[in-house]
Amino acid sequence: MGQEIRDISDNIRLTVEDGKILSLKTHRITRSVEEHIQQAIELILDKVTYPTLVPTIYTIVKELSINACKANQKRIYFEEKAYDIENPIQYKKGVSEYRELFSESMAEEYGQKSKKKGYFCLITFDYSMDGIRIEVTNNTPVTVEEEKSLREKLEKGMQYGDIAQFYMDNADNTEGAGLGLALILIMLKGEGIDPSFFRIIIRKDVTIARLEVPLSSNFKSVRDQDFSRA
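What you see as residue numbers is a count from 1 along each chain, following the sequence as written. Since the coordinates come from a predicted model, pLDDT governs what is reported: local features require at least 70, and pairs of side-chain atoms require 80 or more to be given and counted, while whole-chain, interface and lining totals use all residues. To obtain the side-chain values, all non-hydrogen atoms of the structure were included, while hydrogens and water were left out.

Chemist: Would you mind showing me how to read the packing of helix 1 (residues 31–47) against helix 2 (residues 54–81) here?
Modeler: The relative placement of two packed helices comes down to the angle between their axes together with the axis-to-axis distance. Axis definition: a line fit to C-alpha positions, over the contact stretch in the case of helices; interaxial angles, taken between N-to-C directions, run 0 to 180 degrees. Under the DSSP-based scheme used, a helix requires at least four consecutive residues in state H or I and a strand at least two consecutive residues in state E, with every element numbered from the N terminus. Two elements in contact, helix 1 and helix 2, have axes separated by 10 Å at closest approach and are oriented at 140 degrees. It follows that helix 1 is oblique to helix 2 by the angle criterion. The handedness of the crossing between helix 1 and helix 2 is right-handed. The residues of helix 2 that touch helix 1, namely those facing R31, E34, I37, Q38, I41, E42 and L45, are V54, I57, Y58, V61, K62 and S65. Classification used: nonpolar for Ala, Val, Leu, Ile, Met, Phe, Trp, Tyr, Cys and Pro, charged for Asp, Glu, Lys and Arg, polar for all others including Gly. Class assignment of the residues belonging to the contact of helix 1 with helix 2 gives a composition of 7 nonpolar, 2 polar and 4 charged. If an angle is under 35 degrees, it is roughly parallel; if it is over 145, roughly antiparallel; if it lies from 65 to 115, roughly perpendicular; otherwise it is oblique. Note on convention: near helix rotated counterclockwise from far helix by under a right angle means a left-handed crossing. Clockwise means right-handed. In what follows, residue pairs with any heavy atoms lying within 4.5 Å of each other are defined as contacts.

Pasting the structure below:
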């Protein structure tokens, strides 16, 4: 069949080859986007005969995709308010406002704005019998404050091996932004996957969250090729 591009809706573009999804490009997370992510992961894990990993991998990729879309939408909010995203005081004020205002209708509105401005979330799938590699990319840069926050959340996740204990210790902050990153590391450890196979690569104009799942000793990670800040 070869490679083809499918525009599923005004918000979903799939690249498909021989029936398998190679990538999914979107501007906001909708139920349809979630279904396509789940379908791709189910097909991949069925092919590599690891269907029990579906809930974990799906939850992680969905979380990363939501984060990517929100990062783009937050950038637009800052532009509209004329806040300097590099100014720590204005950044803190803008993030606080954005979180307070955020709603499903706002996600829809700012998803449309993201598309008009050329901001996107791109999910790419690559796999063989030796392992899986999934990348979630958004094309807005990360500020120094955001990078600091990312590091803190990843460090927190590395300290825990149990989700229940994590929630007990962070009960007052379960609505805080970004706890999902810490949970991703805990979930990976729970599946016996080395959390160092999860990376966030910060480049000038894009941020890439990469999850690798080795399935054999022949799997070659691309970690060593990264030149990242995070």
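Chemist: Hey, could you run me through the pattern of salt bridges in this one?
Modeler: Two side chains that carry opposite charge are able to pair once their charged atoms sit near each other. In what follows, salt bridge is the name for a side-chain nitrogen of Lys or Arg lying within 4 Å of a carboxyl oxygen of Asp or Glu. Inspection of every chain in the model, using the stated rule, returns 17 salt bridges. Here D10 ties to R28 by a salt bridge, and the two come within 3.7 Å at their closest N and O atoms. Placement of D10 in the loop between strand 1 (3–7) and strand 2 (13–17) and of R28 in the loop between strand 3 (20–26) and helix 1 is noted, with a sequence separation of 18 residues between them. With its nearest N and O atoms 3.3 Å apart, the salt bridge here joins R133 to D126. A simple rule labels every residue: compare its accessible area, found with a 1.4 Å probe on the protein chains alone, to the largest value its type can have, and call it buried under 20%, exposed over 50%, or partly exposed in between. With relative accessibility at 42%, the residue D126 sits in the partly exposed group. Through salt bridges that share partners, R31, E34, E35 and K62 make up one connected network.

Chemist: What is the right way to read unusual backbone geometry from this model?
Modeler: Peptide bonds are mostly trans, and most non-glycine residues show a negative phi. Positive phi outside glycine occurs at D18, with the angle close to 50 degrees. Within the secondary structure, D18 sits in the loop between strand 2 and strand 3. Phi is positive for T49, close to 55 degrees, though the residue is something other than glycine. Considering the arrangement of structural elements, one finds T49 in the loop between helix 1 and helix 2.

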